[in-house]
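Commentary on secondary and tertiary structure
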Amino acid sequence: MAIERTLSIVKPDAVENHRIGAILAMIEEAGLKIRGMRMLHLTRPQAEGFYAVHKERPFFGELVEFMTRGPVVVSVLEGDDAVKRYRDLMGATNPAEAAEGTIRKRYAKDIGENAVHGSDSADNAKIEVAYFFPGYEL
Ligand code: ADP
Ligand code: MG
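Notes on the structure in this doc start here.

About the thresholds
Residues numbered from 1 in each chain as written. Chains lettered and ligands numbered in written order. Predicted model: local features only at pLDDT ≥ 70, side-chain atom pairs only at ≥ 80, totals over all residues. Heavy atoms only, no water. Near = heavy atom within 4 Å. Polar contact = N/O pair within 3.5 Å; in protein donor to acceptor, adjacent residues only side chain to side chain. Areas by Shrake-Rupley, 256 points an atom, 1.4 Å probe, with all protein chains shown as cover. Nonpolar A, V, L, I, M, F, W, Y, C, P; charged D, E, K, R; others polar. Helix = DSSP H or I, 4+ residues; strand = E, 2+ residues; numbered from the N terminus. Buried < 20%, exposed > 50% of the residue type's maximum accessible area, 1.4 Å probe, protein only. Lys, Arg positive; Asp, Glu negative; His and termini not counted. Salt bridge = Lys/Arg side-chain N within 4 Å of Asp/Glu carboxyl O. Contact = heavy atoms within 4.5 Å. Pairing = 2+ DSSP bridges. Axes fitted to C-alpha atoms, helices over the stretch in contact; angles between N-to-C directions. Core = buried A, V, L, I, M, F, W, Y, C linked by side-chain atoms within 4.5 Å. Arc of directions from axis to C-beta.

Topic: the site of ligand 1
Taken together, Lys11, Tyr51, His54, Phe59, Glu62, Leu63, Arg87, Thr93, Arg104, Ile111, Gly112 and Asn114 make up the full set of residues near ligand 1. In this structure, an oxygen atom belonging to ligand 1 sits 2.8 Å away from a side-chain N or O atom of Arg87. Within the side chain of Arg104, a nitrogen or oxygen atom sits 3.0 Å from an oxygen atom of ligand 1. Notes on ligand 1: free accessible area 530 Å², of which the protein chains cover 80%. For the shell around ligand 1, the class distribution of residues is four nonpolar, four polar and four charged.

Some thoughts on the side chain of Asp13
Mapped onto the elements of the fold, Asp13 is located in helix α1 (residues 12-16). Buried charged residue Asp13 carries no salt bridge. Nearest counter-charge: Arg69, at 5.8 Å. Reaching out from Asp13, the side chain makes a polar contact with the backbone nitrogen of Ala115 at a distance of 3.0 Å. In this structure Asp13 touches Phe66, Arg69, Glu113, Asn114 and Ala115, once residues within four positions along its chain are discounted.

What to know about the sheet that holds strand β3 (residues 72-80)
Read from one edge to the other, the open sheet built from four strands follows the order β2-β3-β1-β4, with strand pairing classed as antiparallel. Strands at the two margins of the open sheet, each flanked by one partner only, are β2 (33-40) and β4 (116-118). Going across the sheet, the axis of each strand differs from the next one's by a mean of 20 degrees, ignoring polarity. Here eight bridges tie strand β1 (residues 3-10) to β3, and the two strands are oriented antiparallel to one another. Bridge assignment links Arg5 to a residue of β3, and that residue is Glu78. Contacting β1, β2, β3 and β4, helix α2 (residues 20-29) runs over the sheet at an angle of about 160 degrees to β2. Where helix α5 (residues 82-90) meets the sheet, it contacts β1, β3 and β4, and its direction lies at approximately 35 degrees from that of β1.

Concerning the nonpolar core
With 19 residues, the main nonpolar core has Ile23, Ile27, Tyr86 and Ile103 as its most contacted residues. Those elements that provide at least two residues to this core are α1, α2, β3, α5 and α6 (103-107). Other than its neighbours up to four places away in sequence, Ile27 contacts Ser8, Leu32, Ile34, Leu77, Tyr86 and Leu89.

Quick word on α5
Residues of α5 that are buried: Ala82, Val83, Tyr86, Leu89 and Met90. All buried residues of α5 project into a common sector of 130 degrees when viewed along the axis, lining one side. Where the residues of α5 are buried, they touch β1, α2, β3, α6, β4 and α7 (122-132). Note on α5: the residue one or two positions beyond its end, Gly91, has a positive phi of about 90 degrees.

Topic: unusual backbone geometry
With the exception of glycine, the majority of residues adopt a negative phi angle, and the majority of peptide bonds are in the trans configuration. Positioned with a positive phi, His18 is a non-glycine residue whose angle comes to about 60 degrees. Summarising the element assignment, His18 is placed in the loop between α1 and α2. The backbone phi angle of Ala115 is positive, close to 75 degrees, even though this residue is not glycine. Structurally, Ala115 can be placed in the loop between α6 and β4. The exposure class of Ala115 is buried, given its relative accessible area of 0%.

And the structure:
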């Protein structure tokens, strides 16, 4: 299996609820290595740019509003098959459908405020890592 990197975001709801440590512990316990990390409060243009693929969706405005309402913790995770393994650890987008033991099952409120982001493919992971860590040697 290929060593991959993926981008994780602990979203504003989880930061507000003091879940940064609990979520990072789940990531480390799952065997994913944290290779880079930043805490920042996204600007509107940063959030709009990050979620540009969703700009025609009806929830886009709500999503940008949510993602800019407080700080987030962005990290780069690395490991065998990291993209899929982190998606599995996150659970379904809608926490009502998320499996037991997943981050979203434990910490997400609803389909909008769902605690974490994870890249959905190795190609998108490269784009997303470069978006938050431009020019960094990780
Ligand atoms: P995922 O984060 O699981 O990859 P998507 O890429 O489909 O999910 O959506 C990006 C983010 O947009 C979701 O994590 C969630 O915060 C928000 N979102 C998705 N669908 C909805 C919806 N129906 N209503 C409100 N917010 C949504
Ligand atoms: Mg997605």
